[in-house]
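Secondary and tertiary structure notes
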Amino acid sequence: MVPGRAIVAAREAVRLVDLDPGRARHAAAQAVRVARREDDPAAAALAEQAFGHSLMQCAEVDAAIRHLRRAVAHGEHAGTWDVVAGARMKLAFAMVQRGRLAAAVREVDAAVTILDGATVARAQRAVILYQAGRLADAFAEYEAVVPLLRRADDPLNLQKALVNRGILHAERHEFDAAVADLTEADRLARNLGRDLVVGIIAENLGFAESLRGDVPSALAHLDRAERIIGAHRGQVAPVLQDRGDLLLSVGLVSEARDAAQRAVVAFRREHRQLKVPEMRLLLAQAAFLAGDLPGARHEAGLAAREFRRQSRPGWTELAELVALRARLESGDSAGVSVRRVQAVADVLGRHGWPSAALEARLAAARLAGLRGRRDTARAYLREASAARRGGPAGLRARAWYAEALLRSAAGDGPGAATAAKAGLRILDEHAAALGATDLRVHSAAHRRDLTELGLRTAVRAGRAGPIFEWAERGRARTLLFRPVHPPDDPVLAELLVRVRQAAHGPAARLAALERQVRDHCRIHGDGTGTDRTDPVSLSALRAALAGRALVQYVQWDGVLHALTLAGGRLRRRPLGPVTDVSALVDRLPFALHRMARPGVRAASKAAASALLRATAAGLDEKLLGPLPEIGDRPLVVVPTGALHSLPWSILPSCAGRPVSVAPSATSWHEAATRVPVPTGGVLVAAGPGLAGGSEETTEIAAIHGTTPMPDATATSVLDGLAHARLAHLAAHGTLSAQNPLFSSLLLADGPLVGYDLERLPRLPDTVVLAACDSGRSVVLAGDELLGLGVTFLGRGTASLVASVVPVPDAETAPLMVALHRALARGHCPADALAAAQREVPADDLAAVAAAAGFVCLGR
């Protein structure tokens, strides 16, 4: 019997759904019209099912529900029970998207009954159970269904089941099994021509690698998923969700929040209400990591209420956990019972979320400790520490943190320190595999609890040596990653050229190109190990310091401390509240800018000078006054927090004194003991629009017997940097607070950015950035730094002379000429800068302000 026109049209619509949902919906609509004209309920049922399915794929969930219900009605009238069951299963999935989980379970159970327990129906039921948070039940169904589908030689439904089981494997931290399932599903989908599904599988591979902690692989999968799904007009909101989770896992809180907010908009636009509270939960977690505790409690509370309405107990407890942790962190534990927190941990453990369950047990232990229930606290810590032997890096590191707390509670200080070091080693190894600098730097946020515990243990013991060691473990670790010869990357090279070309065009185009550069580096960055994981020894540091004195600033519990190494002896000095020092540092840019700004009245400049002197005297009294042991020795200063932007030469005790400012004592020691490359010339280059830049570079080039490069391009400067031993760059500098690796020097063909420097095989031993504000960095958790200046240091420059405050550039030429004369005489950069600053006339307030901002960073 030849099938009728209506059924042929309906079958074609079904075929198109997974290939092109947009075309399928139009084909299905046409098939419905034909079926009505021919009065063919069987064809109408199939066409309506295809219509509903395509609408779901196009994110029109409410319309999909209407058509799927019509499919059920037509199918029951025609007696086509397989179509009825299929429509009910799809209807169940649509109900899930609307957050109506009880109704979804009823629909899928009805489908299973119709099909008498058929394998495909059971697989769909497993999907619904998963969405409802019944992970163990869902996994049991898949374990039974997958072998049945293999025996039935049903590649389509096997592919679907493998995707879903792969996701569950990932959530259970069975990552090899997850990747195996998803890889097989990808092969089946390609053989079946299901191109959109290939993109969805790429998204799930990204999800699995995110949980494993393989960030570059996860980003690559998610990038591919977004391209494929977008090209087929599929739903990209889940990709945004996975990207947000991934970014949060490496401490990129701002980007994670942005991805979550975009996902909320997308899920609402697609009427997928089930996912909206998941995004609220992600926003709550991001707020918690950012220290926004009220925001975390608010978002978590909203998420928990929506999860309860959706009857999703596991997800509800996840949201409750964030709210509980925010309350504990803010000191508000009244009304929270230890039993309640333990109940949260138990539910999360049963639902297959080991990381969240571990955090809940840590919270329960903390709360029990606050209530004086020490035995209970230790029991929770033992449960939490059991995860330290296996699983992703983040989970193992947190479990070692629990073990360190357990040993500390038992009075075993050395054991606590050993456990904390074990957790830090795991995080360092994980960071080493993150090829991109920004990923490494932001991931340091996860080190905070371990380093603070180690520091607290050392302070409790009262010995300066362990305090120094833990202070070093907690700062600027990224700069210790071994620079490697970067691979040739023509794609990145072309993208950076396009960034320069777009610098003066529409801001949206420039931002899009910068995102491309950032994402490319995160995916294709070269993950490497480190030369060292331990801080420099005090004996090695004493030998390298010679006649210098080291001052390392450390903050804990809101108090600033100084560790000094002078005359071979290490001392610790408490200095006072951190806020007092930060308030004084904040006054400096205003005073310096007012002094240097042309056209300002003499009286106003004098007032600014008086403010500068008073502020400098106050800082000197707080920062160096309590340290008589440093005497008049040259200083090596290791700042913290706001002190990274302090121009040290303004302090009376530092006037005319050589001062080297280093991100850590370990990084200073490496730079100071590194044998400089003796070969290479002197690069002297100027960018456009810099007042006096041409005259300045001409005079400096003459000092070194070289030829200056006026109006230099980024291309020529990068080529020169790769072959010079000393470089002087006079160009406007810009610090990009949002994307610090796009901090730049403006050259004739556009900006030279941090990503440009990372492509070079080597950089000069000494670099001078003559423009003001070119040495300032963004300070992140763990005193990790990002910016153009610190990129020079991270890629091998031993000494960088640059400004750390934003003041006009016009007055820097005399200082720069004096600096290079001293360098040409063989002075080290710190000595040369101090000598040049001494030559600035005290009555020339503009020149004083311009000179004051420069520091010697590094050696």
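Here, every reference points to the structure presented above.
One structure accompanies this document, and this report is about it. (Residues numbered from 1 in each chain as written. Predicted model: local features only at pLDDT ≥ 70, side-chain atom pairs only at ≥ 80, totals over all residues. Heavy atoms only, no water.)

Section: the packing of aromatic side chains
The tally for this structure, following the rule as stated, stands at 4 aromatic pairs. When the centroid spacing of 5.0 Å and the interplanar angle of 55° are considered together, the rings of F742 and Y755 count as tilted. Of this pair, F742 sits in the loop between β8 (733-734) and β9 (744-747) while Y755 sits in helix α34 (residues 754-758), and the two are 13 residues apart along the sequence. For Y755, a relative accessible area of 4% translates into the label buried. Among the aromatic side chains, those forming a connected cluster through ring pairs are F307, W315 and W353. Above the face of the F139 ring, R172 is positioned so that its terminal group lies 3.8 Å from the ring centre. (Phe/Tyr/Trp six-rings, centres within 6.5 Å; stacked < 30°, edge-to-face > 60°. Helix = DSSP H or I, 4+ residues; strand = E, 2+ residues; numbered from the N terminus. Buried < 20%, exposed > 50% of the residue type's maximum accessible area, 1.4 Å probe, protein only. Lys NZ or Arg CZ within 6 Å of the ring centre and 35° of its normal.)

With respect to the nonpolar core
I201, L281, L348, F468, L541 and L550 are the most contacted members of the largest nonpolar core, which has 113 residues in total. It is helix α19 (residues 354-370) that provides the largest number of residues to this core, a total of 10 residues. Leaving out residues up to four positions away in the same chain, L281 has contacts with A303, F307, W315, L318, A319 and V322. Of all hydrophobic cores here, the second largest spans 65 residues; its members include V578, L624, L763 and L769. (Core = buried A, V, L, I, M, F, W, Y, C linked by side-chain atoms within 4.5 Å. Contact = heavy atoms within 4.5 Å.)

A word on the sheet that holds strand β2 (residues 559-566)
Strand pairing in a sheet relies on backbone hydrogen bonds. The paired strands run either parallel or antiparallel. Spatially, the 10 strands line up as an open sheet ordered β3-β2-β1-β4-β5-β15-β14-β11-β7-β6, and their pairing is mixed. Single-partner strands in this sheet number two, and they are β3 (569-577) and β6 (681-686). Put simply, the sheet's adjacent strands are angled 20° from each other on average, direction ignored. Against the sheet, helix α33 (residues 714-721) contacts β6 and β7 (724-730), and its axis sits at roughly 150° relative to β7. (Pairing = 2+ DSSP bridges. Axes fitted to C-alpha atoms, helices over the stretch in contact; angles between N-to-C directions.)

Some remarks on the pairing of strand β4 (residues 635-638)
Side chains L635 and V637 project from β4 onto one buried face, and the interleaved V636 and V638 project onto a second face that is buried too. Across 4 bridges, strand β1 (residues 549-556) lies against β4 in parallel orientation. Bridged to A549 within β4 is L635.

What about the packing of helix α5 (residues 81-97) against helix α6 (residues 101-114)?
Contact pair α5 / α6: the axes reach a minimum separation of 8 Å and the direction vectors enclose 160°. In terms of orientation, α5 lies roughly antiparallel with respect to α6. The element α5 and its partner α6 pack so that their crossing is left-handed. Residue-level contacts link W81, V84, A85, R88, M89, L91, A92, M95 and V96 of α5 to L101, A103, A104, E107, V108, A110, A111 and I114 of α6. When the residues that make up the contact of α5 with α6 are grouped by side-chain class, the tally is 15 nonpolar, no polar and 2 charged. (Parallel < 35°, antiparallel > 145°, perpendicular 65-115°, else oblique. Left-handed = near helix turned anticlockwise from the far one by under 90°. Nonpolar A, V, L, I, M, F, W, Y, C, P; charged D, E, K, R; others polar.)

Here we look at the environment of G206
Locating G206 in the fold gives a position in helix α11 (residues 195-212). We classify G206 as buried; its relative accessible area is 0%. Ignoring anything within four residues of it in the chain, the contact list for G206 reads A218, H221 and L222.

Considering the pattern of salt bridges
If you walk through the whole model with that rule in mind, you get 40 salt bridges. Here E359 and R398 are joined by a salt bridge, their closest N and O atoms 2.7 Å apart. Here R398 lies in helix α21 (residues 393-409) and E359 lies in helix α19, a separation of 39 residues in the sequence. With respect to burial, E359 and R398 carry one shared label: buried. Counted as one network, the salt bridges with shared partners bring together R325, E359, R398 and D449. (Salt bridge = Lys/Arg side-chain N within 4 Å of Asp/Glu carboxyl O.)

What to know about helix α1 (residues 5-17)
Under the 1.5 Å per step criterion, the end-to-end length of α1 is 19 Å for 13 residues, consistent within 8% with the ideal 18 Å. The set of residues buried in α1 consists of A6, I7, A10, A13, L16 and V17. The secondary structure elements touched by the buried residues of α1 are α2 (21-38) and α3 (41-57). (Expected span 1.5 Å × (residues − 1).)

Section: the environment of L627
Among the secondary structure elements, L627 is positioned in the loop between α30 (602-623) and β4. If near-sequence neighbours (up to four positions away) are discounted, L627 is found in contact with V551, Y553, A562, T564, R573 and L575.

Thoughts on the sheet that holds β9
The strand order across the open sheet built from 3 strands is β8-β9-β10, with neighbouring strands paired in antiparallel fashion. Taken across any chain shown, the strands that pair with only one partner, and hence form the sheet edges, are β8 and β10 (750-753). Pairing geometry for β9 and β10, over 4 bridges, is antiparallel. Looking at β10, one finds that L745 is bridged to L752.

Topic: the pairing of β6
Among the 6 residues in β6, 5 count as buried, and that is most of the element. As judged from the 6 bridges shared by β6 and β7, these two strands associate in the parallel manner. Across the sheet, residue A685 finds its bridge partner in β7, namely L729.

Structural notes on the packing of helix α15 (residues 276-289) against helix α16 (residues 293-309)
In contact at an axis separation of 8 Å, α15 and α16 are set at 160° when each is read in the N-to-C sense. Taken together, the axes of α15 and α16 lie roughly antiparallel to each other. Handedness of the α15/α16 crossing: left-handed. Facing V276, P277, E278, R280, L281, L283, A284, A287 and F288 of α15, the residues of α16 in contact are L293, G295, A296, E299, A300, L302, A303, E306 and F307.

Some words on unusual backbone geometry
The phi dihedral of D153 falls on the positive side, at around 50°, and the residue is not glycine. With respect to the secondary-structure elements, D153 resides in the loop between α8 (135-151) and α9 (155-171). Positive phi outside glycine occurs at D557, with the angle close to 50°. Within the fold, D557 resides in the loop between β1 and β2.

Observations concerning helix α24 (residues 448-461)
The first and last C-alpha atoms of α24 sit 20 Å apart over 14 residues, in line with the 20 Å expected at 1.5 Å per residue. Residues of α24 that are buried include every one of L450, T451, L453, G454, L455, T457 and A458, and no others. Phi for G462, located one or two positions after α24, is positive at around 80°.

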